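Results of the structural survey
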Amino acid sequence: MSKGKILAVITTQPDKVAGGAPIFAADSLEELEKKAFLLEKILDAMVHEIDQDTKVIVKH
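Residues numbered from 1 in each chain as written. Predicted model: local features only at pLDDT ≥ 70, side-chain atom pairs only at ≥ 80, totals over all residues. Heavy atoms only, no water.

1. Here's the deal with the pairing of strand E4 (residues 54-59)
The buried fraction of E4 amounts to five of the six residues, a majority that puts the element mostly inside the structure. By the bridge criterion, five bridges tie strand E3 (residues 46-51) to E4 in an arrangement that is antiparallel. In the sheet register, Glu49 faces E4, and the bridge partner there is Lys55. In this antiparallel pair of consecutive strands, E3 and E4, the connection spans two residues. (Buried < 20%, exposed > 50% of the residue type's maximum accessible area, 1.4 Å probe, protein only. Helix = DSSP H or I, 4+ residues; strand = E, 2+ residues; numbered from the N terminus. Pairing = 2+ DSSP bridges.)

Right under this line is the structure:
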């Protein structure tokens, strides 16, 4: 089975996120949704919600 790879993190709380993937900050939950789904399309990947304030883009 192939493992997924995290391509990006989108969050409204960038001070609580760290790691090797690019981190995109959003000023509101609405902006978080817009950025997440735009990156999903651009990267041809899937959005997964970690919590209300953080989503990850994963290539499966």
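2. Let's talk about the nonpolar core
Within the largest apolar cluster, nine residues are counted, these being Ala8, Ile10, Ala26, Leu32, Ala36, Leu39, Ala45, Val47 and Ile57. Residue assignment for this core shows that the elements contributing at least two residues are strand E1 (5-11) and helix H1 (29-43). Counting residues per element, this core draws most heavily on H1, at three residues. Among residues more than four places away in sequence, those in contact with Leu39 are Ile10, Phe24 and Ile57. Counting residues in each nonpolar core, the second largest holds five residues, with Val9, Val17, Ala21 and Val58 among its members. (Core = buried A, V, L, I, M, F, W, Y, C linked by side-chain atoms within 4.5 Å. Contact = heavy atoms within 4.5 Å.)

3. Description of the side chain of Lys55
Along the chain, Lys55 turns up in strand E4. Here the side chain of Lys55 touches Glu33 through a polar contact of 3.1 Å, side chain to side chain. (Polar contact = N/O pair within 3.5 Å; in protein donor to acceptor, adjacent residues only side chain to side chain.)

4. Things to note about unusual backbone geometry
Positive phi, close to 50°, is recorded for Asp44, a residue that is not glycine. Relative to the helices and strands, Asp44 is located in the loop between H1 and E3.

5. Some details on the sheet that holds E4
The strand order across the open sheet formed by four strands is E2-E1-E4-E3, and the pairing between neighbours is mixed. A strand with exactly one partner marks an edge of an open sheet, and here the two such strands are strand E2 (23-25) and E3. Direction aside, neighbouring strands of the sheet carry axes that sit 25° apart on average. Packed onto the sheet, H1 meets E1, E2, E3 and E4 and runs at close to 5° relative to E4. (Axes fitted to C-alpha atoms, helices over the stretch in contact; angles between N-to-C directions.)

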